[in-house]
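Report on the structure
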Amino acid sequence: MYPVRVVSGLKYEFLEAVRGEIDKCTKCATCQAGCPTYESSISETLVARGKIRLAKGVLDGETELTDRIANDFNQCLSCMNCQTSCPSGVATMKIFSAARAEIYEKKGAGPIAGFIFKHMLPHPGRLNILAKLTGVSALFYKYAPSWFAELLPYSQGGVKRVTPDFLQRNLRSRVAEVNAPYATPVGKPVRRVAFFSGCMTDMAFPQVGLKVIEGLRRAGVEVLFPKAQVCCGAPAYYNGDVNSTKELARKNIETFNALNVDAIVYSCATCGSIVGETYRQLFPGDPEVEKFCAKVVDYQKLLVELSIETIVGGADGTGRKLKVTYHDPCHLKRAMGVSKEPRQLLKSLPHVEFVEMEGADRCCGGSGTFGMKFYGMSMDIGKFKADAIKNSGADIVVTACPSCQLQLADSLHRNGYDIPVLHTADLVDVALSTSRDGGNNKDQPDSAISNTSAASANR
Ligand code: SF4
Ligand code: SF4
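Here is a short report on the structure shown in this document. (Residues numbered from 1 in each chain as written. Chains lettered and ligands numbered in written order. Predicted model: local features only at pLDDT ≥ 70, side-chain atom pairs only at ≥ 80, totals over all residues. Heavy atoms only, no water.)

**Section: the overall build of the protein**
For the record, the criterion: Each helix is a run of H or I in the DSSP string that is no shorter than four residues. Each strand is a run of E no shorter than two, and both are numbered from the N terminus. Note on exposure labels: buried denotes an accessible area under 20% of the residue type's maximum, exposed denotes more than 50%, and partly exposed covers the range between, all computed with a 1.4 Å probe on protein chains only. Note on contacts: a residue pair is in contact if any heavy atoms of the two residues lie within 4.5 Å. Accessible surface is estimated by sampling points in the Shrake-Rupley manner with a 1.4 Å probe; for residues, cover comes only from the protein chains shown.
Counting its regular elements, the protein contains 25 helices and eleven strands. Looking at the protein as a whole, 57% of its 459 residues qualify as buried. Once local pairs closer than 6 in sequence are excluded, the contacts in the protein between residues at least 24 apart make up 79%. Carbon together with sulfur atoms contributes 55% to the accessible area of the protein, which is approximately 18300 Å² in total.

Given below as structure tokens:
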């Protein structure tokens, strides 16, 4: 359970609650290997061992929680590599989230971020207006002369950053609350699920959300889209604002628990790990929260469970196959334990030839606001991934997280590789349309890419 306070009256209540984890660290340095921020900086304070030592120093009164230390804690991708590789089983993510909660409590997150967490995230309508304003700014940025763009922080070497297209009509205004299945597989009961879209899918990748719903309906599932759902709380949580995260969690849990559904489906890895795991940790032992979290399932995992290959099997698969590689979002593989199902799903699609890339589960370097605050390091980490995608020989790269999609698109663009980045739902949709067409449309896989989420990013 984290982050949680210990008895009140102590100076650092959140850190005190994880003292046991801090003391478990043997300083062996195993966590250095594979830590993207360490490998990029070779700075001991940017790896788990160093951060844990800093946390202990703060707790024991050896140092204050200075801005420098706060900055070291913030320079972390929350990729969980240190936690899964630690031979002593140190729950590094518990320690880091406790540290972020202390930083938020003592220093806040700044007036703009604080306002967004409290007054925008709980209100999808307000967030949508903010998204549109951001979309207009992104257009100015896109068409700004390069001498001007070079003055901005995101245009290193004169190359402009790939930005999301927030000017599209958002998902929640396009879908009904109840979406009936197209056909029920013979002998199988109708499955009823609710879709948790998350803000990025709602506002920047609505076509991914539409394809997720379409794919599930074609697989014989009734899909509910409760309009009362709000942001999962990830931006607030990863900036240490525990109270705002809990308020958003309560609203979502209440909304989804009121529905009589078999599963709560997500297609964004970060949102999935927040609603499926973090909510549980924020409210340990709460039966309502447990009821909610137990139903949370990844979209790809559900499609594999529903044997989607029997539905796309109508395509003969004799057209040109696309070479596809897959990037594992950290939160999907390490937090939710989903890594074999996306590969299983991709391999089952008739127009796909799956190829594995080197370091498929290595963090892409995006990690939400990390990529905005530390763009240089984010791009440095992204280069490894861009090269790995290029070296795999893939025509396209697929993932299951909007934040990873943007980071991959930006990294590939910055390194001069013209490789589209799609969501798995895009390829499932291509397979379903090819299947609907009886497998006659041999050009479908190539031409369909122009109608995918890759087209929703500004380059
Ligand atoms: S691998 Fe675990 S025990 Fe070893 S230094 Fe890192 S956090 Fe500490
Ligand atoms: S979560 Fe990732 S980036 Fe952060 S310290 Fe651990 S390995 Fe490094």
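Now that the structure has been shown, the text picks up again.
**As for the site of ligand 2**
What counts is decided by this rule: Distances are taken per atom, and a residue is near a molecule or strand as soon as one of its heavy atoms is within 4 Å of it. Under the grouping applied here, Gly and all other residues not named as nonpolar or charged are polar, the nonpolar ones being Ala, Val, Leu, Ile, Met, Phe, Trp, Tyr, Cys and Pro and the charged ones Asp, Glu, Lys and Arg.
C35, C76, L77, C79 and C82 are the nearest of the 13 residues found near ligand 2. For the shell around ligand 2, the secondary structure elements donating two or more residues are α3 (36–41), α4 (48–59) and α6 (81–85). Its residues placed into classes, the shell around ligand 2 shows nine nonpolar, three polar and one charged.

**A look at the packing of aromatic side chains**
Put simply, the rule is: Only the six-membered ring of Trp is used, alongside the rings of Phe and Tyr, when aromatic pairs are assigned; centres must lie within 6.5 Å, and planes under 30 degrees apart are stacked while those over 60 apart are edge-to-face, with the rest tilted. Any Lys NZ or Arg CZ found within 6 Å of a ring centre and within 35 degrees of that ring's normal is scored as a charge over the ring.
Counted by the stated rule, this structure contains seven aromatic pairs. Ring plane angle 55° and centroid distance 6.2 Å describe the contact between F195 and F225, whose orientation is recorded as tilted. With F195 in strand β3 (residues 191–196) and F225 in the loop between β4 (221–224) and α13 (234–237), the pair connects residues that are 30 residues apart, well separated along the chain. The exposure class of F195 is buried, given its relative accessible area of 0%. Residue F225 is classed as buried on the basis of its relative accessible area, which comes to 0%. What links up through ring pairs into an aromatic cluster is the set F196, F256, Y279 and F292. Between the NZ or CZ atom of R362 and the centre of the ring of F384, over which it lies, the distance is 4.3 Å.

**Digging into the packing of helix α22 (residues 375–392) against helix α23 (residues 402–414)**
We count it as follows: The convention used is that axes are lines fitted to C-alpha atoms, helices contributing only their stretch in contact, and that angles between N-to-C directions extend from 0 to 180 degrees. Roughly parallel means an angle under 35 degrees; roughly antiparallel, over 145; roughly perpendicular, 65 to 115; everything else is oblique.
In the contact formed by α22 and α23, the axes pass within 8 Å of each other and the chain directions differ by 80°. Here α22 lies roughly perpendicular to α23, going by the angle between them. On α23, the residues touching Y375, S378, M379, G382, K385, A386 and I389 of α22 are Q407, L408, D410, S411, L412 and R414. Of the residues belonging to the contact of α22 with α23, the class tally is six nonpolar, four polar and three charged.

**Quick notes on the packing of helix α5 (residues 67–74) against helix α7 (residues 92–107)**
The test is simple: Each crossing gets its hand from how the near helix is turned against the far one by less than a right angle, where anticlockwise is left-handed and clockwise is right-handed.
Direction vectors running N to C along α5 and α7 enclose 135°, while the axes themselves pass 10 Å from each other. One element, α5, and the other, α7, form an angle in the oblique class. Between α5 and α7 lies a crossing whose hand is left-handed. Residues D67, A70 and F73 of α5 form the contact with α7, whose participating residues are F96, A99, I103 and K107. Class assignment for the residues of the contact of α5 with α7 results in five nonpolar, no polar and two charged.

**Focus on the site of ligand 1**
Lining the immediate surroundings of ligand 1 are C25, T26, K27, C28, A29, T30, C31, R49, I52, C86, P87 and S88. Looking at the shell around ligand 1 residue by residue, the class counts come to seven nonpolar, three polar and two charged.

**With respect to α7**
Here is the rule we go by: Multiplying 1.5 Å by the helix residue count minus one yields the expected span of that helix.
Taking 1.5 Å of rise per residue, the 16 residues of α7 would be expected to cover 22 Å, and the 22 Å separating its terminal C-alpha atoms lies within 8% of that figure. Across the 16 residues that make up α7, a large majority, twelve, are buried. Looking only at α7, the buried set comprises T92, M93, I95, F96, S97, A98, A99, R100, A101, E102, I103 and Y104. After α7 finishes, the residue G108 shows a positive phi value of roughly 75°.

**Thoughts on the pairing of β3**
Note the following rule: Two strands qualify as a pair provided that DSSP identifies no fewer than 2 bridges between them.
For β3 and β4, the ladder comprises four bridges, and the chain directions are parallel. From the neighbouring strand, V193 faces β4, where its bridge partner is V223. With four bridges connecting them, β3 and strand β5 (residues 263–266) associate as parallel partners. Across the sheet, residue F195 finds its bridge partner in β5, namely V265.

**A closer look at unusual backbone geometry**
In this structure, K27 takes a positive phi of about 65° despite not being glycine. Within the secondary structure layout, K27 lies in the loop between α2 (19–24) and α3. The partly exposed category is assigned to K27, whose relative accessible area is 35%. Not every positive phi belongs to a glycine, and A29 is a case in point at roughly 75°. Within the secondary structure layout, A29 lies in the loop between α2 and α3.

**Looking at the state of the cysteines**
Disulfides are covalent bonds that connect the sulfur atoms of two cysteines. Applicable threshold: Any two cysteine sulfur atoms lying within 2.5 Å of each other are counted as a disulfide.
Here the structure, examined in full by the defined rule, presents zero disulfides. No disulfide involves C404; its sulfur sits 3.8 Å from the nearest other cysteine sulfur, which is in C401. Residue class for C404 comes out buried when judged on its relative accessible area of 8%.

**With respect to the sheet that holds strand β10 (residues 421–423)**
Pairing is parallel across the open sheet formed by four strands, whose spatial order is β8-β7-β9-β10. If you trace the sheet from one side to the other, it starts and ends with β8 (352–354) and β10, each paired once. With strand direction ignored, the average angle separating the axes of adjacent strands in the sheet is 40°. In the sheet, strand β9 (residues 396–399) pairs with β10 via three bridges, with the strands oriented parallel. Each bridged residue has a counterpart across the sheet, and for V398 the counterpart in β10 is L422.

In short, shape yes, function no, at least from these values alone.
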